[in-house]
Number of protein chains: 2
Amino acid sequence: MTIQSKFSGLGTDAAPGQEVRQLSGSLGAVLRGDAITGRPVDFSHGDVDAFTPTPRSFEVFSAGVEAGGKQAYTEYRGDLAIREDLAWRLASFTGAPVDAGDGMIITPGTQGALFLAVASTVSRGDKVAIVQPDYFANRKLVEFCEGEMMPVRMDYATTQGRSGLDLGQLEDAFKSGAKVFLFSNPNNPAGVIYSREEIESIATLASRYGATVVVDQLYARLLYPGVDYTHLRAQQLDAENVVTIMGPSKTESLSGYRLGVAFGSKEIIARMEKLQAIVSLRAGGYSQAVLRTWFDEPDGWMDQRIREHQAIRDDLLKAFRATSGIQVRTTEAGSYIFPALPQLTVPGSDFVRILRLQAGVIVTPGTEFSPFSESAVRLNFSQDHAAAIAACERLVALVERYRV
Amino acid sequence: MTIQSKFSGLGTDAAPGQEVRQLSGSLGAVLRGDAITGRPVDFSHGDVDAFTPTPRSFEVFSAGVEAGGKQAYTEYRGDLAIREDLAWRLASFTGAPVDAGDGMIITPGTQGALFLAVASTVSRGDKVAIVQPDYFANRKLVEFCEGEMMPVRMDYATTQGRSGLDLGQLEDAFKSGAKVFLFSNPNNPAGVIYSREEIESIATLASRYGATVVVDQLYARLLYPGVDYTHLRAQQLDAENVVTIMGPSKTESLSGYRLGVAFGSKEIIARMEKLQAIVSLRAGGYSQAVLRTWFDEPDGWMDQRIREHQAIRDDLLKAFRATSGIQVRTTEAGSYIFPALPQLTVPGSDFVRILRLQAGVIVTPGTEFSPFSESAVRLNFSQDHAAAIAACERLVALVERYRV
């Protein structure tokens, strides 16, 4: 494989946040009507000005800078005292012990943790089960490591009370030799969570076939009422075969500090540290200090954050469901919503560009997450409430305008 | 190649900063005499409490946090306005144009830039010319990418006025198919710079054989008087075949913010951004703001920093040269010094552990940088002046104690 071919599959032009590098191209011929004015909303990621970082995060960062060299130069896997603080909080949250010394690594964002986890478990030709739809980088990580992707469908749209993962297809992937299963829970982009039965089945299958499971639980704290979240790592399976990834970039709006953690299998964490040593050395030393605020937010702060997100979710659901032909499942956790649009006169990728051009609305095309999601778009609704609803109305207006 | 074998070569136990994870093992049998007390000094990296971060760096970071989402979420390759500021400063410093839009990427530290540059130019089986001695991660990066290392010796010890790179061996490597040449200038660990003639020869050879050159110029600003530094990228060779890496982690003591930049070849930078998107997304958004202080330090600040480092260097040279059997070349740039010790009764790796145990002195073993450097140790002398000299005296005392 030449280096050129290796990178040809790693396109980022449609990736969230990269819209600024897209050429506007020749949309002129297909445009209908005038632009609809309104405050631009970038649904490709959360708005940390609308939902601001955890209280005290900046103060704790400042104290880290004040602490000087001790905080700037940590072990590659991160500052031990901070890992110790986090270990018991994460153990308490996930319902299974966390080893601060050998079973945890602090990374530059959860993206850093995902990269290290995949590159530490997948080598050339290894088969990896990947959910469709799921976080777009999962597929790219497997491709970069020259693994072979075994797709597993998730029928999130027509099921309720579970994610809709095709467990038969997952077992087939393991039977065919998949060594690793990588998935996000809650699912990104669909915003659904796996039921207890689904998680137990994943644990049983992974045990039976000796597979490693990497589970990205980035949004596991932002659960809407009535939702029952099950942690894979607390189930019956070999703890050395599970790596759990979390971070404070989303719900806690700490993305600007680039922090993530991976915890679980000591052997895999040890490999991840070796790799981090040549990939980025360590998560920013001063930033690591900000983890002291994590799982230690003021009383009621998280509840309020959830209530505010729920209110936006409910208004978006109402707007989408009032529009004929838009299919949308209720987000159960996190701040993604993934409506499927009716058939349009333009391809999905063009409609996404039209939305940006004519409505000042940035969304992520469904094809980033699954080849079967061409009609869907992902919105991160962690936004200013009124601006989000107004932007959603412009989106719906353009759906009407470009409808077949 | 199994994932286990892939990681077996990536050991970090002897890597700088990781000494805390070393087991003290069974040194008891070889220890001589008592510990020598004194303020511990960790020469594995600079002391940012002794040489503090650039003035205004924290204020500029704070303004970044204040700016909110705009600063937290940048393009993967970094904030455009910051890239534009930096482009002309780096062009002016290196003597060749820098394209802010397409020819530069901001990374999490220079380590991040090195990883992305190597992983974007080296695929399985590609031959890569690597200097011996050179920064220890260079070899590991090639191994991780499953490239084949072609060693090129540098006889820094017995030459003057040039680095001592074996240009014949470099040409042989290119003749044998090396596609990439990766080196640091000033050299880490030897602290020497490449002469104008050497850099011109590298440019000529790279052009002749169509090779890509990745040059790590991390310490290129900390030049001692009488030294003439030559920038490879300003020589006669195809600009698309050169990537230059720099960062403010060392001389400017901004390591805690994890910042680096790579600039040059647009095609390689584009690949690096695609890869950064799945490795760590971006350098920490708020941290990127700190680059506004880079190459914009107060008048005289850099001159004073150089004078202070020079004074420490000169005292260390005096101490080492007063000790029979220690060979050391004068550091020409940066803050590394790489003395070769006389024959000892214990292996070099044990002596490094003894130094830590009996003298409170942490140095990096020469074998991290080259298989031919077993007798050498690397010291980063960006330390408190008095503490560094006292620690050097303890080191010399232990050399005397363990001398054959």
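The rules behind the values
- Residues numbered from 1 in each chain as written.
- Chains lettered and ligands numbered in written order.
- Predicted model: local features only at pLDDT ≥ 70, side-chain atom pairs only at ≥ 80, totals over all residues.
- Heavy atoms only, no water.
- UniProt positions renumbered as here; feature names shortened; annotations may be inferred.
- Least-squares fit on C-alpha atoms with pLDDT ≥ 70 in both.
- Contact = heavy atoms within 4.5 Å.
- Salt bridge = Lys/Arg side-chain N within 4 Å of Asp/Glu carboxyl O.
- Helix = DSSP H or I, 4+ residues; strand = E, 2+ residues; numbered from the N terminus.
- Buried area = accessible area lost by both parts, 1.4 Å probe.
- Pairing = 2+ DSSP bridges.
- Axes fitted to C-alpha atoms, helices over the stretch in contact; angles between N-to-C directions.
- Buried < 20%, exposed > 50% of the residue type's maximum accessible area, 1.4 Å probe, protein only.
- Parallel < 35°, antiparallel > 145°, perpendicular 65-115°, else oblique.
- Left-handed = near helix turned anticlockwise from the far one by under 90°.
- Nonpolar A, V, L, I, M, F, W, Y, C, P; charged D, E, K, R; others polar.
- Polar contact = N/O pair within 3.5 Å; in protein donor to acceptor, adjacent residues only side chain to side chain.
- Arc of directions from axis to C-beta.
- Domains from an automatic or database assignment.

As recorded in an unreviewed UniProt entry, chain A goes by aspartate transaminase and comes from Mesorhizobium waimense. The UniProt entry for chain A carries this comment under Cofactor (unreviewed entry): "pyridoxal 5'-phosphate". For chain A, the Catalytic activity (unreviewed entry) comment in UniProt is given as "L-aspartate + 2-oxoglutarate = oxaloacetate + L-glutamate".

> What am I meant to see in the relation of the copies chain B and chain A here?
The two chain copies are related to each other by a rotation about an axis together with a translation along it. Taken as rigid bodies, chain B and chain A are interconverted by a rotation of 180° and an axial shift of 0.0 Å, the fit giving an RMSD of 0.0 Å. On this basis, the relationship between the two copies can be described by a two-fold rotation axis. Both copies present the same face, since 100% of the interface residues in chain B are matched by interface residues at the equivalent positions in chain A.

> Looking at this structure, I do not really get the pattern of salt bridges. What am I missing?
Side-chain pairs of opposite charge can arise whenever the charged atoms involved come near each other. On inspection of all chains with the given rule, the structure shows 44 salt bridges over all chains. E273 of chain A is the partner of R77 of chain A in a salt bridge, and the nearest nitrogen-oxygen pair spans 3.1 Å. Pair noted here: R77 of chain A is in the loop between α3 (69–72) and α4 (80–94) and E273 of chain A is in helix α9 (residues 266–279), with a separation of 196 residues, a long-range link. R89 of chain A is the salt-bridge partner of D85 of chain A, the closest N and O atoms lying 3.9 Å from each other. In this pair, D85 of chain A and R89 of chain A both sit in helix α4, 4 residues apart, roughly one turn of the helix. Each of K6 and E146 of chain A together with R124 of chain B takes part in one network of salt bridges that share partners.

> How should I be thinking about the interface of chain B and chain A in this particular structure?
Interfaces are often sized by the amount of accessible area the parts lose when they come together. Facing 72 residues of chain B, the contacting portion of chain A comprises 73 residues. Carbon and sulfur atoms supply 60% of the area that chain B and chain A bury against each other, a total of about 5800 Å² over both sides. Linking E146 of chain B and R124 of chain A is a salt bridge whose minimum nitrogen-to-oxygen distance equals 2.5 Å. Elements that contribute at least two residues to the side of chain B that touches chain A include exactly α1 (3–8), α2 (57–67), α3 (69–72), α5 (109–119), α6 (136–144), α9 (266–279) and α10 (285–288) of chain B. With 8 residues, α9 of chain B is the largest single contributor of residues to the side of chain B that touches chain A.

> What exactly am I supposed to notice about the sheet that holds strand β3 (residues 127–132) of chain A here?
In any sheet, the strands associate via hydrogen bonds between backbone groups, in a parallel or an antiparallel arrangement. Residues and elements named next belong to chain A. One open sheet accounts for 7 strands, arranged β2-β8-β7-β6-β5-β3-β4; its pairing is mixed. The two strands at the open ends of the sheet, each matched to only one other strand, are β2 (104–107) and β4 (148–153). Averaged over neighbouring strand pairs, the angle between their axes works out to 20° when direction is ignored. Here α9 sits on the sheet in contact with β2, β6 (212–216), β7 (242–246) and β8 (260–264), set at roughly 30° to β2.

> Honestly, the sheet that holds strand β11 (residues 364–365) of chain A in this entry has me stumped. Any pointers?
Residue and element names in this part refer to chain A. Taking strand neighbours across the sheet as the criterion, the 3 strands line up as β9-β12-β11 in an open arrangement whose pairing is antiparallel. If you trace the sheet from one side to the other, it starts and ends with β9 (336–337) and β11, each paired once. Relative to strand β12 (residues 377–380), β11 runs antiparallel, the two being bridged by 2 bridges. When the bridges of β12 are listed, P365 appears paired with V377.

> What should I look at first to understand the pairing of strand β8 (residues 260–264) of chain B in this one?
Consecutive side chains of a regular strand alternate in pointing toward one face of the sheet and then the other. Residue and element names in this part refer to chain B. The buried count for β8 comes to 5 of 5 residues, which makes it a mostly enclosed element. Covered by surrounding structure in β8 are G260, A262 and G264 together with V261 and F263, the residues of both alternating faces. Where strand β2 (residues 104–107) and β8 come together, 4 bridges link them in antiparallel fashion. Each residue of the ladder has a partner; that of M104, found in β8, is F263. Both strand β7 (residues 242–246) and β8 contribute to a ladder of 4 bridges, which runs antiparallel. Paired with V243 across the two strands is G264, which belongs to β8.

> Any chance you could explain the packing of helix α11 (residues 301–321) of chain A against helix α13 (residues 385–402) of chain A here in plain terms?
Helix-helix packing: each pair is described by the crossing angle between the helix axes and the interaxial distance. Residue and element names in this part refer to chain A. Two elements in contact, α11 and α13, have axes whose closest approach is 10 Å; the angle formed by their N-to-C orientations is 15°. In terms of their interaxial angle, α11 and α13 are classed as roughly parallel. Where α11 crosses over α13, the handedness of that crossing is right-handed. Listed contacts from α13 to A311, I312, D315, L316, A319 and F320 of α11 are H385, A388, I389, C392, L395 and V396. Classifying every residue of the contact of α11 with α13 gives 10 nonpolar, 1 polar and 1 charged.

> Help me understand the environment of V377 of chain A, please; the structure alone is not making it clear to me.
Inspection of the secondary structure puts V377 of chain A in strand β12. Setting aside residues up to four positions removed in sequence, V377 of chain A forms contacts with I337, F338, P339, L341, V352, V363, T364 and G366 of chain A.

> Please clarify how the environment of Y219 of chain A should be interpreted in this entry.
Residues and elements named next belong to chain A. By secondary structure assignment, the location of Y219 is in the loop between β6 and β7. In sequence terms Y219 and P298 are 79 residues apart; their C-alpha atoms lie 19 Å from each other. Not counting residues within four places of it along the chain, the set of residues in contact with Y219 comprises P186, K250, T251, A333, G334, S335, Y336 and N380. In this structure the side chain of Y219 is engaged in a polar contact, spanning 2.9 Å, whose partner is the side chain of S335.

> Sorry if this is basic, but what is going on with helix α7 (residues 167–175) of chain B here?
At 3.6 residues per turn, the α-helix brings residues three or four places apart onto the same side. Residue and element names in this part refer to chain B. Within α7 the residues assigned to the buried category are L170, E171, A173 and F174. Down the axis of α7, the sector holding all buried residues measures 155°, keeping them to one side. Capping the start of α7 is the job of one residue whose side-chain oxygen sits 3.1 Å from the backbone nitrogen of G168: D166. Where α7 terminates, the next one or two residues include G177, which has phi positive at roughly 110°.

> Help me understand the domain arrangement of chain A in this model?
Residues and elements named next belong to chain A. When the domains of chain A are assigned, the result is domain 1 (3–52 + 300–402) and domain 2 (57–293). For domain 1 and domain 2, the distance between their C-alpha centres works out to 25 Å. Opposite the 36 residues of domain 1 that make contact, domain 2 presents 35 residues. For the pair domain 1 and domain 2, the two sides together bury roughly 3100 Å², of which 58% comes from carbon and sulfur. Contact with domain 2 buries area across many residues of domain 1, yet R329, E332 and Y336 alone supply 24% of it, more than any other trio. Linking domain 1 to domain 2 there are 2 salt bridges. In this structure, E368 and K140 form a salt bridge, with 3.8 Å as the shortest nitrogen-oxygen distance. Viewed at the interface, domain 2 and domain 1 are joined by 18 residue pairs in polar contact (both at pLDDT 80 or more). Counting only elements with at least two residues in the side of domain 1 that touches domain 2, the list comes to α1 (3–8), α11, β9 and β12. Ranked by the residues each element gives to the side of domain 1 that touches domain 2, the list is headed by α11, at 7 residues. Within the side of domain 1 that touches domain 2, the residues separate by chemical class into 17 nonpolar, 12 polar and 7 charged.

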